[in-house]
Amino acid sequence: MSSSDMKKISVIGSGLIGRSWAMVFVSGGYSVKIYDNQPGQAAKAITEIRKQLEELEGAHMLRGELTATQQLALLSSSDDLAQALEGAFFVQECVFEQLEVKQSVFQDIERLVGKDVILSSSTSCLVPSNVFSKVQNRSRCLVSHPVNPPYYVKLVELVPHPETATTVVDTTHALMTKVGQAPVCLKKEIDGFALNRVQAAIIAESWRLVQDGIISVKDIDLVMSEGLGMRYAFIGPMETMHLNAPEGLEDYMKRYGEGISRVLNSFGPVPDFCGEGAKSITNEMSELIPNDRQHLSARIERRDQLLMGLAKLKKEH
């Protein structure tokens, strides 16, 4: 496939993730067509994207070198799957997280595209061997798992199917880099991928510490937002250790490895997140942030503003 053929991307699904992917791709100068199986939803998504791009431009946070008007000119929608896929070299699936639905969608897509078109899923927890089990040519399939919200959090996990061709991973990595994302490549599939496995470990221990009466919900969040999160927003755990000992990572583990092992051996079992014991934790969280739509929407908006500011800071440095 020549570079002249690699200009159009199809986004399947017009929800939050689909809209976010569309915004990321047009910021990199690609033509994007959004499809949704609910008539009119893809067109509504473009209306929402227009509003967001104009707001981002006004806040001087629009990604890419094109203006909002130029990016919007690259965006279109269709309620017809075949039309939405026509001419695409890359397909990003963003339907809801149900295995049978994704499998069916990819069967439909495969019947309508050429053999060189890359099929990519946004799934956050389904391994590629399951998602693409009903696809005939699995060598062009992989997961491109974004972090919500993808426009502000640039990490993308690229997870290959056992049969995925190396060129497919390389092409996807190059695409994600070109549009300003930060792709990482997993060498093989694993439940939870990398990000969610690390996140699950943090969630489990945070939950245990609150459940065991060691710390409050509010304070465990501060441990992350004002402590580990501040550090890890710029350098990861491996580099942190490497920089925290005079002779690097090996030296760090000679000094602190025994203590880390002792702490890890003290960890309790996987918590019951939905049982009777969980109610006190969920109630404590609800007291801090009420569960009504108004309070939650305000906090989400504030989160996105902070992420936008962090993204700008990282770009400048």
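About the cut-offs
- Along every chain, residues carry numbers that run from 1 in the direction the sequence is written.
- The model is predicted, so local features are restricted to residues of pLDDT at least 70 and side-chain atom pairs to those at 80 or more, both for listing and for counting; the totals for chains, interfaces and linings are taken over all residues.
- Heavy atoms throughout the structure, all of them, feed into the side-chain values; hydrogens and water do not.
- Only DSSP runs of H or I covering at least 4 residues are called helices, and only runs of E covering at least 2 are called strands; the numbering of each starts at the N terminus.
- Under the scheme applied here, a residue whose accessible area is under 20% of the maximum for its type counts as buried, over 50% as exposed, and between as partly exposed, the area being computed with a 1.4 Å probe on protein chains only.
- A 3.5 Å cut-off defines polar contacts: any pair of N or O atoms within that distance qualifies, except that in protein one atom must be a possible hydrogen donor and the other a possible acceptor, and neighbouring residues in sequence count only when both atoms are side-chain atoms.
- By definition in these notes, contact holds between two residues if any of their heavy atoms fall within 4.5 Å.
- UniProt positions are given in the numbering used here, feature names are shortened, and annotations may be inferred rather than shown by experiment.
- The rule for pairing is simple: two strands pair if DSSP sees at least two bridges between them.
- Every axis corresponds to a line fitted to the C-alpha atoms, with the helix fit spanning only the stretch in contact, and the corresponding angles, defined between N-to-C directions, vary from 0 to 180 degrees.
- To count toward a patch, a residue needs a relative accessible area over 30% and no salt bridge; like charges are then connected within 9 Å, while nonpolar side chains (Val, Leu, Ile, Met, Phe, Trp, Tyr) are connected within 5 Å.
- Only the protein chains shown count as cover for residues, and all accessible areas are computed by the Shrake-Rupley method using a 1.4 Å probe.
- Counted as salt bridges are all cases of a side-chain nitrogen of Lys or Arg within 4 Å of a carboxyl oxygen of Asp or Glu.
- Counting rule for charge: Lys and Arg are taken as positive, Asp and Glu as negative, and neither His nor the chain ends is counted.
- Charge positions come from single atoms, namely NZ of Lys, CZ of Arg, CG of Asp or CD of Glu.
- Expected helix span is taken as 1.5 Å per residue step, with the number of steps being one fewer than the number of residues.

Along the polypeptide, Ser 78 turns up in strand S3 (residues 75–78). The exposure class of Ser 78 is buried, given its relative accessible area of 5%. A polar contact is formed between the side chain of Ser 78 and the side chain of Gln 83, at a distance of 2.7 Å. The contact partners of Ser 78, leaving out residues within four places of it in the chain, are Lys 33, Ile 34, Tyr 35, Asp 36, Ala 42, Gln 83 and Ala 84.

We now examine the UniProt feature "domain: 3-hydroxyacyl-CoA dehydrogenase NAD binding" (unreviewed entry) in the chain. Here, the residues flagged by UniProt with the feature "domain: 3-hydroxyacyl-CoA dehydrogenase NAD binding" (unreviewed entry) are residues 8–188. Between the C-alpha atoms that bound residues 8–188 there is a distance of 28 Å. The span itself is 40% helix and 21% strand.

Before going further, it helps to spend a moment on the sheet that holds strand S4 (residues 90–93). Strand order in this open sheet of eight strands is S3-S2-S1-S4-S5-S6-S7-S8, and the pairing throughout is mixed. Each edge of the open sheet is held by one strand with a lone partner, namely S3 and strand S8 (182–185). On average, each strand axis in the sheet is inclined to that of its neighbour by 25 degrees, with strand direction left out of account. Where strand S1 (residues 8–12) lies against S4, four bridges are found, and the strand directions are parallel. What sits directly across from Val 11, in S4, is Gln 92.

Attention now moves to the pairing of strand S6 (residues 141–146). Burial within S6 is extensive, with six of its six residues counted as buried. Residue alternation in S6 divides its side chains into two sets, Cys 141, Val 143 and His 145 and Leu 142, Ser 144 and Pro 146, and both sets are buried. Pairing between strand S5 (residues 118–121) and S6: three bridges, direction parallel. Opposite Ser 121, over in S6, you have Val 143 as the bridge partner. Where S6 meets strand S7 (residues 155–160), five bridges bridge the pair, whose relative direction is antiparallel. By the bridge assignment for S7, Leu 142 is matched with Pro 160.

This part is about the UniProt feature "domain: 3-hydroxyacyl-CoA dehydrogenase C-terminal" (unreviewed entry) in the chain. Mapped onto this structure's residue numbering, the UniProt feature "domain: 3-hydroxyacyl-CoA dehydrogenase C-terminal" (unreviewed entry) falls at residues 192–262. Here residues 192–262 runs as 76% helix and 0% strand, with 26 Å between its end C-alpha atoms.

What follows is about a nonpolar patch on the surface. Taken together, the side chains of Met 253, Tyr 256, Ile 260, Val 263, Leu 264 and Phe 267 make up a nonpolar region of the molecular surface, amounting to roughly 490 Å² of accessible area. Counting through the fold element by element, Val 263 comes out in helix H11 (residues 249–265). With a relative accessible area of 41%, Val 263 lands in the partly exposed category.

Residues Glu 48, Glu 54, Glu 55, Glu 57 and Glu 301 make up a contiguous surface patch of negative charge. Counting through the fold element by element, Glu 55 comes out in helix H2 (residues 41–58). Glu 55 sits in the partly exposed class, given a relative accessible area of 48%.

Between its first and last C-alpha, helix H8 (residues 195–211) extends 24 Å over 17 residues, near the 24 Å set by a 1.5 Å rise per residue. Close packing links the buried residues of H8 with S6, helix H9 (217–232) and helix H12 (279–288). Two residues or fewer past H8, Gly 213 is found with a positive phi of approximately 75 degrees.

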